[in-house]
Amino acid sequence: MKLSSFLLLNWLLLAWNANNLAPKEVTISGKVNAGTLKEVIYTIPHRGIFHWVLKASAPVDAQGNFQIKIPCEQTSIVAIGGSDQTKKTLILSPGEHYTLSLGAEKDEDFFEAKGPNEAGQKLFHALPNPGFVQAAARKYFKDTVISEIKSKIAAEKAKDLEPFSALLKAKKITPAFFELVKADRDCYYATMQAQIVWVKLLRTDPDKIKSFSPVYQSWFAETMKEYPINNKSLTRSFWWQEYADTYQGVSMFLDKDFDPKQLEAHYKNETIHTFKMKDAPKRFSGEFLEYFQFSYLYSACLQKEYEKELIALVEQFKQQYPQSPFTKYLQPLVDPIVEYHQAQAAGFSDQYKFVENYADLNSLEEALQSFKGKKLYIDVWATWCGPCKAEFAHKEGLKKLLAEKGYDILYISIDEPEREEAWKGMIKYYKLEGNHLRTNKDFTNDLVKIFDQGGSLSIPWYLIVNEEGEIVTTKAKRPSNLKGLEGQL
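For clarity, every value in this text was computed on a predicted model and none was experimentally measured. (Residues numbered from 1 in each chain as written. Predicted model: local features only at pLDDT ≥ 70, side-chain atom pairs only at ≥ 80, totals over all residues. Heavy atoms only, no water.)

Asks: Would you mind going over helix α16 (residues 420-429) in detail, with residue names and values included?
Replies: Where burial is concerned, most of α16 is hidden: seven out of the ten residues are buried. All of the buried residues along α16 are Ala-422, Trp-423, Gly-425, Met-426, Ile-427, Lys-428 and Tyr-429. Buried residues along α16 sit against α12 (327-343), β9 (352-354), β10 (375-381), α14 (386-391), β11 (407-413) and β12 (434-438). Directly beyond the C-terminal end of α16, a positive phi value near 55° is found at Lys-431. (Buried < 20%, exposed > 50% of the residue type's maximum accessible area, 1.4 Å probe, protein only. Helix = DSSP H or I, 4+ residues; strand = E, 2+ residues; numbered from the N terminus. Contact = heavy atoms within 4.5 Å.)

Below is the structure:
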């Protein structure tokens with residue numbers, strides 16, 4: 001072969017490989033119920049892996065039409081719908097076009113996909129899809145015979161895959177489509193098996209962890225051998241994050257040098273995230289470590305507990321992975337944590353009032369003695385309650401409405417005593433001007449009785465009290481529903 005021909009052949013081979021490795025754009029045209037959806041939110045596969053955080057949005061026009069373009073390196077799973085929590089799943093093939101219908105006038109959950117592997121798409125969307133695999137695994141928590149649990153799970157998995165095998169045989173879906181469905185089911189049921197062991201461990205007396213059931217230990221080891229956590233195909237599944245979290249938890253507990261008291265100390269000293277991040281390299285390698293650490297940090301920041309250690313851990317992640325595409329998703333979550341701790345340096349102005357001797361108050365009736373002659377809007381919350389904190393975004397509108405109606409506001413926190421610093425810190429951070437108190441155990445129990453839901457208390461919870469200290473509304477509207485609240489005041 002002449003040198004010029006040899007070079008030309010090599011150039012053609014390189015060009016062909018580059019073309020096949022480069023992402024090929026997938027286009028999705030769709031229609032939604034324009035009355036309910038203003039935008040369509042969708043996930044973007046990265047290196048073929050799935051993560052619900054890697055998302056973007058497309059606007060919906062006045063007629064309910066939308067169009068999406070997604071770079072796609074290989075057959076990948078995406079989630080698509082009208083909210084961040086959507087789990088309407090679709091399997092995309094590089095370079096293909098799909099037509100979607102989302103929602104209908106009488107059925108907002110309607111979902112239909114037209115395009116390649118159409119019959120498989122419908123089946124895939126109908127697969128068991130709980131919020132967490134642990135929810136699906138609960139039916140096995142009381143079973144004690146491992147062989148029976150294995151048999152039942154195997155039967156579940158076979159039932160899921162059987163119709164896809166039939167479609168593959170009939171050439172109605174591609175081998176790549178089937179391969180991804182199988183990887184997804186592998187990850188789903190591996191997570192279920194790991195979750196069963198995890199719950200068994202959590203229910204074990206900490207002093208007896210060392211003698212934890214050898215049968216369950218063996219089953220966990222078998223699961224990890226059959227479905228290795230550092231397996232690229234599994235990261236393409238929706239369920240890998242839960243699998244990875246469960247794997248780390250079980251593995252730590254089963255380590256020979258594991259000490260439950262050490263774990264308790266980390267929680268108490270607020271170093272638990274640092275501990276788990278340092279443990280991660282023992283369990284994960286390469287890109288799997290980066291993916292796990294990102295996923296862990298994102299979830300931790302999203303809880304809005306504002307732990308200071310997360311600032312350093314995110315910075316450490318950025319230094320360890322300077323080119324990581326995940327950093328842009330972490331930074332908007334860590335910025336409020338930085339702001340939170342900066343706010344702690346400031347003191348309380350006169351706009352923040354703490355009820356005198358609040359730690360000694362044992363009931364709402366006692367607390368209301370200080371407010372006789374005043375009308376109150378009461379907000380019962382806690383620092384660990386995400387929905388409670390979400391409502392604080394409406395505090396300015398609430399402040400204006402209460403002033404117009406002649407009401408004061410009383411924020412009642414049901415946090416434990418050890419959360420005192422965090423409680424006052426969040427009052428500063430969210431700028432919750434008004435009256436405040438934190439309940440003790442008796443006071444919390446009194447609130448449970450007033451709430452009257454079979455011995456439970458659901459927050460956020462709002463009440464309206466008149467000038468005589470009498471509760472006139474036990475289920476007042478939230479600040480996010482100011483129009484409804486105005487009608488109650």
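Read on for the rest.
Asks: Hey, could you go over the sheet that holds strand β2 (residues 39-43) for me, with residue numbers and the actual values?
Replies: Two pairing modes exist for strands in a sheet, parallel and antiparallel, and in both the strands are linked by backbone hydrogen bonds. The strand order across the open sheet formed by four strands is β3-β2-β5-β6, and the pairing between neighbours is antiparallel. Both outer strands of the open sheet, β3 (55-59) and β6 (88-92), are each paired with one neighbouring strand and no more. Across the sheet, the mean angle from the axis of one strand to that of its neighbour is 30°, orientation sign disregarded. Taken together, the two bridges between β2 and strand β5 (residues 76-81) define a ladder with antiparallel strand orientation. Within the sheet, the bridge partner assigned to Ile-41 lies in β5 and is Gly-81. Where helix α2 (residues 118-125) meets the sheet, it contacts β5 and β6, and its direction lies at approximately 150° from that of β6. (Pairing = 2+ DSSP bridges. Axes fitted to C-alpha atoms, helices over the stretch in contact; angles between N-to-C directions.)

Asks: Report on the pattern of salt bridges, specifying residues and quantitative values.
Replies: When the charged atoms of two side chains with opposite charge come close together, those side chains can pair. As enumerated under the stated definition, the model contains 21 salt bridges in all. Of the charged contacts in the structure, one is a salt bridge between Lys-374 and Asp-408, with a shortest N-O distance of 3.8 Å. Here Lys-374 is found in the loop between α13 (364-368) and β10, whereas its partner Asp-408 is found in strand β11, with 34 residues between them in sequence. Salt bridges here are not isolated pairs; linked through shared partners, they connect Arg-47, Lys-232, Glu-287 and Glu-290. (Salt bridge = Lys/Arg side-chain N within 4 Å of Asp/Glu carboxyl O.)

Asks: Now, about the state of the cysteines: what can you tell me, with residues and values included?
Replies: Here the structure, examined in full by the defined rule, presents one disulfide. Disulfide pairing places Cys-385 opposite Cys-388 at an S-S distance of 2.3 Å. Between Cys-385 and Cys-388 the disulfide shows an S-S torsion of about 80°. By sign, it is right-handed. With relative accessibility at 1%, the residue Cys-388 sits in the buried group. Between Cys-187, a cysteine without a disulfide, and Cys-72, which holds the nearest cysteine sulfur, the sulfur-to-sulfur distance is 18 Å. (Disulfide = S-S within 2.5 Å.)

Asks: Tell me about the pairing of β11, and name the residues and values.
Replies: When you tally the buried positions in β11, you get six out of seven residues, the bulk of the element. One ladder, built from seven bridges, connects β10 with β11; its direction is parallel. Its bridge partner being in β11, Tyr-377 is matched across the sheet by Ile-409. Across four bridges, the pairing between β11 and β12 is parallel. If you follow Ser-413 over to β12, its bridge partner there is Arg-438. Handedness of the crossover joining β11 and β12 through α16 is recorded here as right-handed. (Right-handed = clockwise from strand over helix to strand, strands pointing away.)

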